[in-house]
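Chain by chain, the residues run as shown.
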Amino acid sequence: MEIVPSERVRSIGSYAFAEVDRQVKKLEEKGIHPIDFGVGDPTSPPPEVVREATKEGVEKFKTAGYPSYIGSERYRRTIAEWMEDRFDVSLNPETEVTSTIGSKEAVFHFAEAFVDPGDIVIVPTPGYPPYTRGTQFAEGEVYYVPLLPENDFLIDVDAIPDSVADRAKIIWLNYPNSPTGVTAGEDFYEKAIDFARDKDIIVASDEAYTELYYTDDPPVSALEVARNGVVVFQSLSKRSSMTGYRVGWVCGDERIVKAFQKVKTNIDSGTPDFVQEAAIAALKDEGHVEKNRKDYLHKRDLLADALVSSGLEDCRPDATIYMWQRVPEGYTSVDFATRLLDPEIAVVTTPGAWLSQETEDGLNPGEGYVRFALVPPVEKAEQAAKRIAGTTW
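Owing to the predicted nature of the structure, the values given are computational and were not obtained by experimental measurement.

Another aspect to go through is the pairing of strand S9 (residues 322-326). Across the five residues that make up S9, a large majority, four, are buried. The pairing of S9 with strand S12 (residues 369-373) spans five bridges and is classified as antiparallel. Each residue of the ladder has a partner; that of arginine 326, found in S12, is tyrosine 369.

Right, here's the structure in full:
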């Protein structure tokens, strides 16, 4: 019999990070073991407090059965307490917070709650692929807004045509931004939220990197500016190196949260109870987060100094675990990423063009950049820095 995937699946290209994994495998098959800055998966383990809470949670909930669809009351209350301590945002854990299986599934499924066929979702480019894929699977249309250096890599809402805004249901914001590493202030959020409110557009703010910053002032949350029409997506994957635990949350306008919970109830069985126990322990401990920030800052500066000494622009970020490095003159993003794979360097990055989609005028704003994910151990980062510093382009 003939097996024919759906049109949705046939229309999807390869996932950029899966392509990076394939490139690494090719090198390893040749006996070359590259230093992998390609995929943003932390190599440092979750803190001991999290691992111990996981062990205890497995025993505590050994006969618990299916977990709550929306998260335990204790987990949601801990989230609300953390949000108030960190952002001075007061949330009702009963109606304004719901657990998620990490951020990816939440981001992907979010459009199902609000998008009908033909509706538009406004998406930054470069940006997280599930913003786009979730929209497409919900049969919506994506309108890409480029993140450009002349706009400090902030979404320019003034450049969004009324014809698009009038049909839009959701606008995705992501600050601190992956992959550019820039942060946004309250003035930006005020302008973006005012734009969205005028057009009845939901503001979906992906804030998974708020805790990994390198400036004196911590990043702000969109919920510090407004709650009406605003929802925030958070995750412990990067903050607490818990990528394998798949745990996070959505919080904000209770009407939005309620609709999203209805989608989740029909898709999954909730975050495992013992994982929620680990997440509670993580949220109650800031010491490991401070250590993570220091480690990432050290690796950022090692790499940035090496790149600058090799003649490249200083592109060290204010936040996130990424460096959005401008490539040398005469190189495309793929050319430069390929050059970094040469055996004498053997460093894996992600070409910016792979992380971006073309806008309606044919611009790929990721072209001319590569992304370094600062995830290898410090000793590996030191090796990579030495190889890069001794290279001319």
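There is more to say, and it comes next.
Strand order in the open sheet formed by seven strands is S2-S8-S7-S6-S5-S3-S4, with mixed pairing between adjacent strands. The sheet is open, and its two borders are formed by strand S2 (97-100) and strand S4 (141-146), each paired with just one other strand. On average, each strand axis in the sheet is tilted by 25° relative to the strand beside it, whichever way the strands run. Bridge count for strand S3 (residues 120-125) against strand S5 (residues 168-174) is three bridges, and the pairing is parallel. When the bridges of S5 are listed, valine 121 appears paired with isoleucine 170.

Once that is clear, we can look at the packing of aromatic side chains. Following the criterion strictly, the structure yields 18 aromatic pairs and no others. Residues tryptophan 82 and tryptophan 249 carry aromatic rings whose centres are separated by 5.7 Å and whose planes lie at 75° to one another, so their mutual orientation is edge-to-face. Note that tryptophan 82 is positioned in helix H4 (residues 73-87) and tryptophan 249 in strand S8 (residues 248-252), a separation of 167 residues in sequence. Each member of the pair, tryptophan 82 as well as tryptophan 249, carries the same accessibility label: buried. Their ring planes at 5° and their centres at 5.1 Å tell us that tryptophan 324 and tyrosine 369 sit as a pair that is stacked.

Let's shift gears to the pattern of salt bridges. Scanning all chains against the criterion turns up 26 salt bridges. Between arginine 77 and glutamate 81 there is a salt bridge, with its nearest N and O atoms 4.0 Å apart. Of this pair, arginine 77 and glutamate 81 both sit in helix H4, four residues apart, which is roughly one turn of the helix. For the salt bridge of aspartate 301 with arginine 316, the shortest nitrogen-to-oxygen distance reads 3.0 Å. Taken together, the positions of aspartate 301 in helix H11 (residues 287-309) and arginine 316 in the loop between H11 and S9 put the pair 15 residues apart, joining distant regions of the chain. Since its relative accessible area comes to 23%, aspartate 301 is described here as partly exposed.

Attention now moves to the sheet that holds S12. The three strands lie next to each other as S9-S12-S11, forming an open sheet whose pairing is antiparallel. The strands lining the two open edges of the sheet, one partner per strand, are S9 and strand S11 (350-351). Of the strands in this sheet, S11 and S12 are in contact with helix H12 (residues 333-340), which crosses S12 at around 45°.

On to the pairing of S5, then. With respect to burial, S5 is a largely interior element, six of its seven residues being buried. Both S5 and strand S6 (residues 202-206) contribute to a ladder of five bridges, which runs parallel. Residue pairing for S6: leucine 173 is matched across the bridge by serine 205. Taken together, S5, helix H8 (residues 186-198) and S6 form a β-α-β motif whose crossover is right-handed.

What counts and what doesn't
- Residues numbered from 1 in each chain as written.
- Predicted model: local features only at pLDDT ≥ 70, side-chain atom pairs only at ≥ 80, totals over all residues.
- Heavy atoms only, no water.
- Buried < 20%, exposed > 50% of the residue type's maximum accessible area, 1.4 Å probe, protein only.
- Helix = DSSP H or I, 4+ residues; strand = E, 2+ residues; numbered from the N terminus.
- Pairing = 2+ DSSP bridges.
- Axes fitted to C-alpha atoms, helices over the stretch in contact; angles between N-to-C directions.
- Phe/Tyr/Trp six-rings, centres within 6.5 Å; stacked < 30°, edge-to-face > 60°.
- Salt bridge = Lys/Arg side-chain N within 4 Å of Asp/Glu carboxyl O.
- Contact = heavy atoms within 4.5 Å.
- Right-handed = clockwise from strand over helix to strand, strands pointing away.

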